[in-house]
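Chain and residue survey
Next come the chains, spelled out residue by residue.
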Amino acid sequence: MPSRPARVSRRSAVEPFHVMEVLKAAAERQRTHGDVLMLCAGQPSTPAPAPAVRAAVEAATSQVLGYTESIGILPLREAIARHHRELSDIEVDPDEVLVFPGSSGAFTALFLAAFDAGDTVVMARPGYPAYRNTLQALGVRVHEVDCGPQTRYQPTVAMLEDLAAESGPPAGLIVASPANPTGTVIDADELAALARWCEEHGTLLVSDEIYHGLTYGRPTASAWETSREAVVVGSVSKYFSMTGWRVGWLLAPASLRRPLEVLTGNLNICPPGISQHAALGAFTAEARAELEGHRERYAATRELLVARLPEVGLRMDAPPDGAFYAWCDVGHLTDDSVAWCQDLLADCGVAITPGVDFDTANGHRMVRLSFAGSTAEVAEALDRMAASSLLRA
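Residues numbered from 1 in each chain as written. Predicted model: local features only at pLDDT ≥ 70, side-chain atom pairs only at ≥ 80, totals over all residues. Heavy atoms only, no water.

Structural notes on the packing of aromatic side chains
Let me state the cut-off plainly: Ring pairs shown here join Phe, Tyr and Trp side chains whose ring centres sit within 6.5 Å, with only the six-membered ring taken for Trp; geometry is labelled stacked below 30 degrees between planes, edge-to-face above 60, and tilted in between. Strands are runs of DSSP state E lasting at least two residues, helices are runs of H or I lasting at least four, and both sets are numbered from the N terminus onward. The cut-offs for exposure are 20% and 50% of the maximum accessible area for each residue type, with area from a 1.4 Å probe on protein chains only; residues under the lower value are buried, those over the upper are exposed, and the others partly exposed.
According to the stated counting rule, one finds 13 aromatic pairs in the structure shown. Ring centres 5.8 Å apart and planes at 85° place the aromatic pair Y211 and F324 in the edge-to-face group. One end of the pair, Y211, is in the loop between β6 (204–208) and β7 (231–235); the other, F324, is in the loop between α10 (285–312) and β9 (325–329), and 113 residues separate them in sequence. Accessibility expressed as a relative area gives 0% for F324, which makes it buried. With a centroid separation of 5.4 Å and an interplanar angle of 65°, the aromatic rings of Y298 and F324 are classed as edge-to-face. One end of the pair, Y298, is in helix α10; the other, F324, is in the loop between α10 and β9, with 26 residues separating them in the sequence. Y298 gets classed as buried once you look at its relative accessible area, which sits at 1%.

Laid out in structure tokens, this is it:
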């Protein structure tokens, strides 16, 4: 009797993360040519700070490293609370901090705790695709608001008012500042206005602040400066250069803390023990000095990119305020950013990310460049792109 294939749920039918295909093709190009320059990866090119590595070694050689509290060890939650006080001048109690296996684990638990199937959650377009795909897998309706360069690709209160007039206030709003893929920052006044609107209308504001610390002359604000009914998302992945260590956290209002604790205890048991101890080392003055050196390099590379993109032939309507991304229009060169990025990799060995991951409407004419690598690598990539026939309209 022939076997039947395993049953696959409808909720698993979400879009893939297309950048993974870019990484796969880049690995093959590197194998055959050995010349790939990676402007596609959304992660630092530097290792964890030295104090974090020392803390991990110390923990690994002196502790059992078994299960911890499901919401993270108290010393780490205390360190995160201090970090927010120093970064944003807001009072945070360690009991308001919940630690997860990366911000991705935090988002999944939060979406389960805060939203029911059929609820509507708003996010910007362009925006980080895992918000959309995770929500859709959980049966939540995602409403993308088209955010162009006139608002620096960020949502506004006016957009929420228009949506509420049509269908009522949404259950949630996700904002990211600095944002992926655009690197833009929401001004403090606008973020405060969004937070007040959400609190007044019963909409949960989810403020993704994982790129805080990586800004270039434009200050960032925290949603908790205005509303303690919002949820703030943090992580050691970006500024702290610890993507693979998988430590993220939430600042959560009282009503959500117990549901989040119960959910993460079932979903994850706890965050990785060794990573929690390593993260403790990242919240030190010594680590901060090392990390600020990385930020200064990103700032110099950003200046190079902003200056040379017109020469290369790419248009950037809103230069990045933070993170390490440039969101560029290639509509004068192609109407298929996926194929164009594949052709660019084959032509000159430069790997960049097609915009379809981040914008479901206009991504076919957009690309994302990461400047997280070294300044020399980005400069060489720009040289190669300037010489490529694919950059000539």
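Anyway, onward from the coordinates.
Some thoughts on the pairing of strand β4 (residues 141–146)
Test applied: Only when DSSP finds a minimum of two bridges between them are two strands counted as paired. When the strands point away from the viewer and the path from the first strand over the helix to the second turns clockwise, the crossover is right-handed.
Sheet topology places strand β3 (residues 120–125) next to β4; six bridges connect them, and they run parallel. Its bridge partner lying in β4, V121 is registered against V142. With respect to chirality, the unit in which β3 leads through helix α5 (residues 129–137) into the neighbouring parallel β4 is right-handed.

Quick notes on helix α9 (residues 273–282)
Definition in use: In this description, contact between two residues means that some pair of their heavy atoms is separated by no more than 4.5 Å.
Of all ten residues that make up α9, eight are buried, and the element is covered over most of its length. For α9, every residue scored as buried is listed here: G273, S275, Q276, H277, A278, A279, G281 and A282. Buried residues along α9 sit in contact with α2 (50–62), α3 (74–88) and α10.

A closer look at the nonpolar core
Selection rule: By nonpolar core we mean a set of buried residues, namely Ala, Val, Leu, Ile, Met, Phe, Trp, Tyr and Cys, connected to one another through side-chain atoms within 4.5 Å.
Core analysis: the largest hydrophobic core is formed by 108 residues, its most contacted members being L260, L309, L314, W340, I352 and L369. Examining the composition of this core, we find that six residues originate from one element, α10, more than from any other. When residues no more than four places from it in sequence are discounted, the contact partners of L260 are L98, F100, A109, L110, A113, L250 and A252. Core analysis: the next-biggest nonpolar cluster, separate from the first, contains seven residues, A26, V36, L345 and A351 among them.

What to know about unusual backbone geometry
With an omega dihedral of 10°, the bond running from R125 to P126 counts as a cis peptide bond. In this chain, S177 is followed by P178 through a cis amide linkage whose omega measures -5°. Positive phi, normally seen in glycine, also occurs at R246, with a value near 60°. Topologically, R246 is positioned in the loop between β7 and β8 (248–251). For R246, a relative accessible area of 30% translates into the label partly exposed.

Points about the sheet that holds β9
Spatially, the three strands line up as an open sheet ordered β9-β12-β11, and their pairing is antiparallel. Edge strands, defined here as strands with exactly one partner in the open sheet, are β9 and β11 (353–354). Alignment of β11 against strand β12 (residues 366–370), held across two bridges, turns out to be antiparallel. Residue pairing in the sheet places P354 in a bridge with V367 of β12.

Here we look at the packing of helix α1 (residues 19–33) against helix α11 (residues 337–348)
Convention followed: Every axis corresponds to a line fitted to the C-alpha atoms, with the helix fit spanning only the stretch in contact, and the corresponding angles, defined between N-to-C directions, vary from 0 to 180 degrees. Orientation is classified from the angle alone, with under 35 degrees giving roughly parallel, over 145 giving roughly antiparallel, 65 to 115 giving roughly perpendicular, and any other angle giving oblique. What makes a crossing left-handed is the near helix being turned counterclockwise from the far one by less than a right angle; a clockwise turn instead makes it right-handed.
Here α1 crosses α11 at 15°, and the two axes come no closer than 11 Å. The angle between α1 and α11 falls in the class roughly parallel. In terms of crossing hand, the pair formed by α1 and α11 is right-handed. Listed contacts from α11 to A25, A26 and R29 of α1 are L345, A346, D347 and C348.

Re the pattern of salt bridges
Defined as follows: Salt bridges are defined by distance alone: a side-chain nitrogen of Lys or Arg within 4 Å of a carboxyl oxygen of Asp or Glu.
Taken as a whole and judged by the stated rule, the model has 21 salt bridges. One salt-bridge network, held together by shared partners, links R125, R132, E144, D146 and D359.

With respect to the sheet that holds strand β5 (residues 172–176)
Within the open sheet, the seven strands sit side by side as β2-β8-β7-β6-β5-β3-β4. Their pairing is mixed. Each edge of the open sheet carries a strand with a single partner, namely β2 (97–100) and β4. Ignoring which end each strand starts from, the neighbouring axes of this sheet average 25° apart. The sheet contacts of helix α7 (residues 188–201) involve β5 and β6, and relative to β5 the element is tilted by about 165°.

Considerations on the environment of D162
Structurally, the position occupied by D162 is in helix α6 (residues 157–167). Sequence separation of D162 and V233 is 71 residues, and the distance between their C-alpha atoms is 27 Å.

Section: the state of the cysteines
Here, the word disulfide means a covalent bond between the sulfur atoms of two cysteines. Test applied: Two cysteine sulfurs form a disulfide in these notes if their separation is within 2.5 Å.
Throughout the structure, instances matching the rule amount to zero disulfides. Cysteine C341 remains unbridged, with the sulfur of C40 as its closest cysteine sulfur at 9.2 Å. Of the residues examined, C341 reaches a relative accessible area of 6% and is grouped as buried. A disulfide-free cysteine, C348 has its sulfur positioned 11 Å from the sulfur of C341, the nearest such atom.

Section: the UniProt feature "domain: Aminotransferase class I/classII large" (unreviewed entry) in the chain
For the record, the criterion: UniProt positions are given in the numbering used here, feature names are shortened, and annotations may be inferred rather than shown by experiment.
According to UniProt, the "domain: Aminotransferase class I/classII large" (unreviewed entry) feature falls on residues 35–384. In this annotation, residues 35–384 is assigned 43% helix and 15% strand; the end-to-end C-alpha distance for the span is 11 Å.

Looking at the packing of α2 against α10
Selection criterion: Only Asp, Glu, Lys and Arg are considered charged in this grouping, and only Ala, Val, Leu, Ile, Met, Phe, Trp, Tyr, Cys and Pro are considered nonpolar; every other residue, Gly among them, is considered polar.
Where α2 contacts α10, the axes come no closer than 7 Å and their chain directions differ by 135°. The orientation of α2 relative to α10 falls into the category oblique. Residues A50, P51 and R54 of α2 form the contact with α10, whose participating residues are E286, A287 and E290. Classifying every residue of the contact of α2 with α10 gives three nonpolar, no polar and three charged.

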